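Here are the chains, one letter per residue:
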Amino acid sequence: RMSELFLNNQTKTRLNLIIKEHRQKDNLKKYELSPRKKLLFVGPPGTGKTLSASVLASELRLPLYKIVLESVISKYMGDTATHLKTIFNFINNNQGVYLFDEFDAIGSNRTAKNDVGESRRILNSFLILLEQLQSESIVVAATNHPQLLDNALNRRFDDIISFELPTFDEVKSYLENRILIFPDTQLDWKKIVDFTSDLSLGDIEKAFDDGAKDAIFNNQGIITTEYICNSLRRRKENKME
C-alpha cells in the first residue's frame, strides 16, 4: 500500500493524487478531464520507483506488466520498432500498469555522439506510439539516469515524478519501524544516519537485514548501533567496488 512506502511527502502526495484521479475518472470525464496515464519516474536505484509502480497497480486493482527492454531491443534493423508496436497494441487492448524499467536504454539523447540512426528511429517510434496511445492503462517509464533522456520525452509524459535518497528523518522512521520486534534496542541515531549518506532505502534495508542477522546469531537478537553501522559500512564498500 502507498502508506507503507517510505517516500518523501511530495512524491507520495503526487502518487496518491494519480490513484485518486483514476478512482474518480468518471467524475473527471464529466468535465472533459482525464487522469494522468503516462508517467516518468526518475531517481537513483533503490529509491522506490519499481515498488511504486507495483503499488499503483495494487491500489487500482490492475495487473502489473514489466517490460524487459533487453528483450525488446534487437540488433536487426526495424525489429525493435515492430516489437514496440506489438507491446503498445497489447497495452491498448489490456488494461494494466506497464513498467518500462531502465528506460534510458531506448530513451537516450538523440544527439549523443555515439548515437546511430537506428537508435533515433527506436526512440521516435516509442514517442509516436506513446502519443497515439488511447488506453485506460498506465504507462510508467523508470530511469536511474535522467541526464541521458531526450528532452522530447518531457512533452510526451503527463507527469515526471522524482524519487530522492532518504533524509535523516526518513531513515530514522524506517529503522524505528524495523526494530520494533527486536528486544532492548537503544540506538545512536546520529551515528547510524551518518553511515547512510548516498545510500537508498533499498540499500539501507539490505544493510539492516544483514546487521539484524548478525545480532540474532551472535547477540541473542539484541541489535546495537555497532551491528547496524558495520553492515552499512559493508554496504557502502560494496557499492564503491
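Let me sum up the structure you'll find in this document. (Residues numbered from 1 in each chain as written. Predicted model: local features only at pLDDT ≥ 70, side-chain atom pairs only at ≥ 80, totals over all residues. Heavy atoms only, no water.)

## So, the pattern of salt bridges
Two side chains with opposite charge may pair up if their charged atoms get near one another.
In step 1: Summed over the entire model, instances satisfying the criterion amount to 12 salt bridges.
In step 2: For R14, the salt bridge goes to D159, with nearest N and O atoms at 2.5 Å. Of the two residues, R14 is situated in helix α1 (residues 9-23) and D159 in strand β5 (residues 159-162); the sequence distance between them amounts to 145 residues.
In step 3: On the basis of relative accessible area, R14 is assigned to the partly exposed category, the value being 26%.
In step 4: Classification of D159 by relative accessible area gives buried; the value is 10%.
In step 5: Note that E176 is salt-bridged to K172, the shortest N-O span being 2.7 Å. Pair noted here: E176 and K172 are both in helix α9 (residues 168-178), with a separation of 4 residues, about one helical turn.
In step 6: With a relative accessible area of 32%, E176 lands in the partly exposed category. (Salt bridge = Lys/Arg side-chain N within 4 Å of Asp/Glu carboxyl O. Helix = DSSP H or I, 4+ residues; strand = E, 2+ residues; numbered from the N terminus. Buried < 20%, exposed > 50% of the residue type's maximum accessible area, 1.4 Å probe, protein only.)

## Some remarks on the nonpolar core
In step 1: Core analysis: the biggest nonpolar cluster contains 23 residues, and I67, L84, F88, I91, F100, F103 and F126 have the highest contact counts within it.
In step 2: With 6 residues, helix α7 (residues 117-132) is the single largest residue contributor to this core.
In step 3: Of all hydrophobic cores here, the second largest spans 21 residues; its members include I192, I204, I223 and Y227. (Core = buried A, V, L, I, M, F, W, Y, C linked by side-chain atoms within 4.5 Å.)

## So, the pairing of β5
In step 1: Side chains D159 and I161 project from β5 onto a buried face, and the interleaved I160 and S162 project onto a face without burial.
In step 2: For strand β1 (residues 38-42) and β5, the ladder comprises 4 bridges, and the chain directions are parallel. Each residue of the ladder has a partner; that of L40, found in β5, is I160. (Pairing = 2+ DSSP bridges.)

## Digging into helix α5 (residues 79-93)
In step 1: For α5, built from 15 residues, the straight-helix expectation of 21 Å at 1.5 Å per residue is met to within 8% by its first-to-last C-alpha distance of 22 Å.
In step 2: All buried positions along α5 are accounted for by T80, L84, I87, F88 and I91. Considered in projection along α5, the buried side chains sweep an arc of 95° and stay on one side of the axis. Exposed side chains of α5 directed beyond 90 degrees from the buried face belong to T86 and N93. (Expected span 1.5 Å × (residues − 1). Arc of directions from axis to C-beta.)

## Here's the deal with the packing of aromatic side chains
In step 1: For the structure on display, the rule yields 10 aromatic pairs.
In step 2: For the pair F103 and F126, a centre-to-centre distance of 4.9 Å together with 50° between the ring planes defines the contact as tilted. Here F103, found in the loop between β3 (97-100) and α6 (104-107), pairs with F126, found in helix α7; they are 23 residues apart in sequence, far enough to count as distant. Comparing F103 with F126 shows no difference in burial state: the two are buried.
In step 3: Of the aromatic side chains, those joined through ring pairs into one cluster are F88, F100, F103, F126 and F157. (Phe/Tyr/Trp six-rings, centres within 6.5 Å; stacked < 30°, edge-to-face > 60°.)

## Digging into unusual backbone geometry
In step 1: With a phi angle near 55°, E32 is a residue other than glycine that sits in the positive phi range.
In step 2: Following the sequence through the fold, E32 ends up in the loop between α2 (25-29) and β1.
In step 3: Classification of E32 as exposed rests on a relative accessible area of 78%.
In step 4: Phi is positive for Q220, close to 55°, though the residue is something other than glycine.
In step 5: With respect to the element layout, Q220 can be found in the loop between α11 (201-218) and α12 (225-240).

By themselves, these figures tell us nothing about what the structure is for.
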